[in-house]
Amino acid sequence: MDIVVKGRKTEVPERFRKHVAEKLKLEKIQKLDGKVISLDVEVSKEHNPRQADRSDRVEITLHSRGPVIRAEAAAADPYAALDLATGKLEARLRKQHEKRFNRRGNGRLSAAEVPDVVPGVAQLNANGATAAEEAAEAAATTTTTMVGSLEVQGEGPLVVREKTHVAAPMTLDQALYEMELVGHDFYLFVDSDTKEPSVVYRRHAYDYGVIHLRTDPFAGSEAGGAGGALGG
């Protein structure tokens, strides 16, 4: 397993790189997740004097054959931030390990394990088309022009960032679990019961909300839609 340490708008001293290798104990991480491929550690610095107590930020990203796990923390110095981020990473790894163990004990599979058991299942979207077919259809119907260094698809708006993720359908409980692993406030998934796209999101305290999209060919003429705020 490789550990890559990099700085964003800041220099990373060799002493800190060695400390990262000592702090992130590979044996302990691999014991919790034997499918780990690499660890990325990014260090950044906030130069605003008002944020001196949180001026150094460390983000750890773990890549494996399962879901990507991230943990980040900020403190007055990079060493303290690394300690906090490492603690969060280990907690999420431990939670994932216990969840996987419990599911295997009940004969259930996690969403990340489905492609290993059923080849090709993760390559299908909600409509039953492969990712390649979906991309080809989109390319045939969308014109792209360049405006400076940016691409404009169709008549707009400007698309400055786009990501495509391939994933198997999952339950609401699994989606909540995956959202906690990556540390985000929302998570997009395909509901295994309805086969429709859905979004689960964090509301207040430990409350969560979920938005389901139901395909309706006549919905285009109606006002509103799924573009509202998540906090409702």
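Residues numbered from 1 in each chain as written. Predicted model: local features only at pLDDT ≥ 70, side-chain atom pairs only at ≥ 80, totals over all residues. Heavy atoms only, no water.

A. Focus on the overall build of the protein chain. Looking only at helices and strands, the protein chain features six helices and ten strands. By residue count, 27% of the 232 residues in the protein chain fall in the buried class. Taking the intrachain contacts of the protein chain between residues at least 6 apart in sequence as the baseline, contacts between residues at least 24 apart amount to 43%. (Helix = DSSP H or I, 4+ residues; strand = E, 2+ residues; numbered from the N terminus. Buried < 20%, exposed > 50% of the residue type's maximum accessible area, 1.4 Å probe, protein only. Contact = heavy atoms within 4.5 Å.)

B. The sheet that holds strand S2 (residues 36-45), seen in detail. Here four strands make up an open sheet; going across it, the order is S1-S2-S3-S4 and the pairing mixed. Of all strands in the sheet, those bounded by a partner on one side alone are strand S1 (2-8) and strand S4 (69-75). Direction aside, neighbouring strands of the sheet carry axes that sit 15° apart on average. Across seven bridges, S1 lies against S2 in parallel orientation. The residue bridging Arg-8 from the neighbouring strand is Ser-44, located in S2. Relative to S1, helix H1 (residues 14-23) is tilted by about 140°, and along the sheet it contacts S1, S2 and strand S3 (56-64). (Pairing = 2+ DSSP bridges. Axes fitted to C-alpha atoms, helices over the stretch in contact; angles between N-to-C directions.)

C. Examining the environment of Leu-84 more closely. With respect to the secondary-structure elements, Leu-84 resides in helix H3 (residues 78-105). Distance in space between the C-alpha atoms of Leu-84 and Ala-71 is 8.9 Å, their sequence separation being 13 residues. Leave out the neighbours within four places in its chain, and Leu-84 touches Ala-73, Ala-74 and Ala-75.

D. Examining the pairing of strand S9 (residues 197-202) more closely. Direction of pairing for strand S8 (residues 186-190) relative to S9: antiparallel, over a ladder of five bridges. Note on S9: the bridge partner recorded for Leu-188 is Val-199. Connecting the antiparallel pair S8 and S9 is a turn made up of six residues, with Lys-195 showing a positive phi of about 60°. When S9 meets strand S10 (residues 208-212), the two strands line up antiparallel, connected through five bridges. The partner of Arg-202 across the bridge, within S10, is Tyr-208.

E. Representation of the sheet that holds S8 within the structure. The strand order across the open sheet built from three strands is S8-S9-S10, with neighbouring strands paired in antiparallel fashion. Edge positions in the open sheet fall to S8 and S10, since each of these has one partner strand only. Along the sheet, successive strands turn relative to each other by an average axial angle of 20°, direction set aside. Sitting on the sheet, helix H6 (residues 172-182) is in contact with S8, S9 and S10, with an inclination near 50° to S9.

F. The arrangement of H6 in detail. Within the sequence span of H6, burial applies to Gln-174, Ala-175, Tyr-177, Glu-178, Met-179, Leu-181 and Val-182. Positive backbone phi, at 75°, marks Gly-183, one or two positions downstream of H6.

G. The pattern of salt bridges, seen in detail. Counting across every chain of the model gives six salt bridges. One salt bridge in this structure joins Arg-8 and Glu-42, with 3.4 Å as the shortest N-O distance. Here the residue Arg-8 occupies a position in strand S1, and Glu-42 occupies one in strand S2, the gap between them amounting to 34 residues. The partner of Asp-56 in a salt bridge is Lys-45, with the nearest N and O atoms 3.2 Å apart. Within this pair, whereas Asp-56 is found in strand S3, its partner Lys-45 is found in strand S2, the two being separated by eleven residues in sequence. Residues participating in the shared-partner salt-bridge network are Glu-180, Asp-185 and Arg-202. (Salt bridge = Lys/Arg side-chain N within 4 Å of Asp/Glu carboxyl O.)

H. Molecular detail of the pairing of S4. Among the seven residues of S4, five are classified as buried, and the element is accordingly described as predominantly covered. Two strands pair when backbone bridges link them, and S3 and S4 are joined in this way by seven bridges, in the antiparallel orientation. Looking at the pairing, Leu-62 lines up with Ile-69 of S4. As consecutive antiparallel partners, S3 and S4 are separated by four residues.

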